[in-house]
Protein chains: 2
Amino acid sequence: MEFARPTLVLNKTICNRNIELMAEKAKRHNLRIRPHFKTHQSAEVGRWFREKGIKQITVSSIQMAKYFANDGWNDITIAFPFNLPEIDELNAFPSTIKINILADNIHTVETVGKALKRKTGIYLKIVNDYYRSGIAYSSVKKIDNLIALIGQYKKFDFKGFLTHSGQTYQSSSKHEIRTIHFDTVQKLKKLKYKYIETFPNIELSVGDTPSCSVSEYFDGITEMRPGNFVFYDLMQHSLGACSIDDIALSMYCPVVSKQRSRNEIIIYGGAAHFSKDFIMNTDGKQLYGRVILKNDNERKLLPTKSYLKGLTQEHGIIRVSPREFKQIKIGSVLEIIPVHACLTALAMGRYITTKGDVIEMMPRF
Amino acid sequence: MEFARPTLVLNKTICNRNIELMAEKAKRHNLRIRPHFKTHQSAEVGRWFREKGIKQITVSSIQMAKYFANDGWNDITIAFPFNLPEIDELNAFPSTIKINILADNIHTVETVGKALKRKTGIYLKIVNDYYRSGIAYSSVKKIDNLIALIGQYKKFDFKGFLTHSGQTYQSSSKHEIRTIHFDTVQKLKKLKYKYIETFPNIELSVGDTPSCSVSEYFDGITEMRPGNFVFYDLMQHSLGACSIDDIALSMYCPVVSKQRSRNEIIIYGGAAHFSKDFIMNTDGKQLYGRVILKNDNERKLLPTKSYLKGLTQEHGIIRVSPREFKQIKIGSVLEIIPVHACLTALAMGRYITTKGDVIEMMPRF
């Protein structure tokens, strides 16, 4: 294939293998898998999950829930603290579609409870050492009060506890990811067994891709909601959550300039295309992507000392060895593995498969 | 106005004032202004420039050149190292539209020269201590060779030298910006006077918004190409290139959770909406946005110790004082000033004016 402009290429074979492996893992552990679709945001990619028997999904917004409901999904968790200005849009979902929402505070439960016109599942968002939204697992009184409050509204169906151990993204080893995950599972289990008499079907839902990829411990857990694993990326690779060969997305970027004095290659492909997440490289500097060179149809991943070291709006700057510098021609197209698949996909807005088919994503408006 | 979801709001009054002030400055210095439209990427915003008599524009891609040509612009510089795979698209522009391109190497000049079917202006991209694309101003022999090579192709119209002093973005004071800019201008002038006998109309084109905003020294310069000034943002503010009141863009983001133990507010608005550029805050930490609170219709900018401190895909985390914490309600909408207007606009894909009108941007495909 020829790419005249920065292009996001999706390897469907790898993607399907990633889905299969995670679905098998869930099965092995007797877990429901409810993959997070915010990573791919594509009805077509969603169908690949459905072909493997997956029936429940996670999304991060009402908009995304609508988009996937329109493509036939009817059991959707909106894994984001419920956004009160969208209560009418929640009420507007057909009753045939099961929706679960999250809450971590009285105001949200009360406001939604009063306005709710449809049966809606609700999870309490619990946090364990991750500093975003959620109720600390140890805030027993707050949790008690919220469960009691939820009980006052007939349209609510209290489902249980949901967490996202986002701190695994700061881990330095698989062992650390497993430790964080183990700790989270233990704490969630305590909560579960505290309430299981009142709620015999109480659920525990865990989420992050690093934990779901590397851990084999899911005792007492009901469902997993990983998202990123569908594509994986350099960030997951640096955490030990996947191998390079598990990464299903590449950017293809034309070379527009070469800077011999610095052994740097300038590509058409910047923050507008990759977004701007980075990982720390072995040299202690920011790494925005890794480079694959193609010689005689063989793809060769360059070592980490050759890497995408900087991004401005449309330019990318790649540092290479003098030998690689000679090999790379202006006007040729380089393959780059992105750091953060979700944000790169969002920035690009669609995929081209390795066979050349266009795969659309959710429209922005 | 009510915003149920993250919304990018554009203050047309401020925007028009920014355009006017820069246009006046250009006039005062007898400079052509050729604003960079990659910042706003909107035909409608482009028309505001035209209403002020601006006739030439800068873009960063062939796609963007087409988009604005379709809206009546007929003198366009593509200020990006020419991307060889798009040579047919360059040839396809109607002859009524003046196009200028950039090059910094023999391969590009030769390849374009051979394939070129339309009269096309060409600038040599010069760099002075900014490590992206371009020819070092001191590479006299290379510049000589390139100019000679350009002369071999009749369709080329050699325009002169173009630079972007992107290192001003690393400045710590207005004085430093002025010093960098002064140095660049001096070096460009040397080049100009070296070639002016052969090319009496030889041009010098400078670009970056910080220099164009704070400097009053444009001796020998033909045109300025600032882009960001149309909106400005926190990055420009931190450099001293604008005041807070000059910033024409705000994000409006609903509050979805409050974390009392950390005095943190969680908003619906993350890297998917802001993109992920940051500046360093006075506390040495990454700052992704500043917060404006509205009380009794008065907008009050919170001090820098209250700020948007983190972004994940859809969540933003704002640190505030205990007092502000009490004032901010879940379900209310906060106004946030973005760090990098260009990337935030690109991530959001359209604007809503303070009067509620939708302003479209260039479609992605």
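Quick caveat: nothing in here was measured; it's all calculated off a predicted structure. (Residues numbered from 1 in each chain as written. Chains lettered and ligands numbered in written order. Predicted model: local features only at pLDDT ≥ 70, side-chain atom pairs only at ≥ 80, totals over all residues.)

(A) Focus on the interface of chain A and chain B. Taken together, the contact between chain A and chain B spans 46 residues of the former and 46 residues of the latter. Contributing elements (two or more residues each) for the side of chain A that touches chain B: β4 (75-81), α5 (106-115), β11 (249-259), β12 (264-268), α10 (271-274), β18 (315-319) and α12 (341-348) of chain A. The element that contributes the greatest number of residues to the side of chain A that touches chain B is β11 of chain A, accounting for four residues. Residues of the side of chain A that touches chain B, tallied by class, amount to 18 nonpolar, 16 polar and 12 charged. (Contact = placed C-beta atoms within 7 Å. Helix = DSSP H or I, 4+ residues; strand = E, 2+ residues; numbered from the N terminus. Nonpolar A, V, L, I, M, F, W, Y, C, P; charged D, E, K, R; others polar.)

(B) Region of the structure containing the relation of the copies chain A and chain B. Taken as rigid bodies, chain A and chain B are interconverted by a rotation of 180° and an axial shift of 0.0 Å, the fit giving an RMSD of 0.0 Å. Accordingly, the operation relating the two chain copies is best matched by a two-fold axis. Relative to the rotation axis, the C-alpha of Lys 276 of chain A is the closest in chain A, positioned 2.8 Å from it. The fraction of interface residues of chain A whose copies in chain B are also interface residues reaches 100%, indicating that both copies meet through the same surface. (Least-squares fit on C-alpha atoms with pLDDT ≥ 70 in both.)

(C) Up close: the domain arrangement of chain A. Residues and elements named next belong to chain A. Structurally, chain A comprises domain 1 (12-234) and domain 2 (244-360). Relative to domain 2, the C-alpha centre of domain 1 lies at a distance of 33 Å. Taken together, the 16 residues of domain 1 in the interface contact 18 residues of domain 2. Elements that contribute at least two residues to the side of domain 1 that touches domain 2 include exactly α1 (12-28) and α2 (43-51). For the side of domain 1 that touches domain 2, the element with the most residues is α1, which contributes four residues. Grouping the amino acids of the side of domain 1 that touches domain 2 by side-chain chemistry returns six nonpolar, six polar and four charged. (Domains from an automatic or database assignment.)

(D) The packing of helix α5 (residues 106-115) of chain B against helix α6 (residues 140-151) of chain B, seen in detail. Residue and element names in this part refer to chain B. Two numbers describe how α5 lies on α6: the axes approach to 10 Å, and their chain directions differ by 5°. Taken as axis vectors, α5 and α6 run roughly parallel relative to one another. Note on element contacts: α6 touches α5 through Asn 145, Leu 146, Leu 149 and Ile 150, opposite Ile 106, Val 109 and Glu 110. The residue inventory of the contact of α5 with α6, partitioned by class, reads five nonpolar, one polar and one charged. (Axes fitted to C-alpha atoms, helices over the stretch in contact; angles between N-to-C directions. Parallel < 35°, antiparallel > 145°, perpendicular 65-115°, else oblique.)

(E) Highlighting the environment of His 273 of chain B. Residues and elements named next belong to chain B. For His 273, the location among the structural elements is in helix α10 (residues 271-274). Linking His 273 and Gln 167, residues 106 residues apart in sequence, is a C-alpha distance of 26 Å. Apart from residues no more than four positions distant in its own chain, His 273 is found in contact with Pro 6, Met 251, Ala 347 and Met 348.

(F) Up close: the environment of Ile 78 of chain B. Residues and elements named next belong to chain B. When you line up the elements, Ile 78 lands in strand β4 (residues 75-81). Residue classification places Ile 78 among the buried positions, given that 24 C-beta atoms sit within 10 Å. Once the C-alpha coordinates of Ile 78 and Glu 2 are considered, the two residues, 76 residues apart in sequence, prove to be 39 Å apart. For Ile 78, the contacting residues outside a window of four places in its chain are Val 59, Ser 60, Ser 61, Ile 62, Ala 65, Ile 99, Asn 100 and Ile 101. (Buried ≥ 20, exposed ≤ 12 C-beta atoms within 10 Å, placed from the backbone.)

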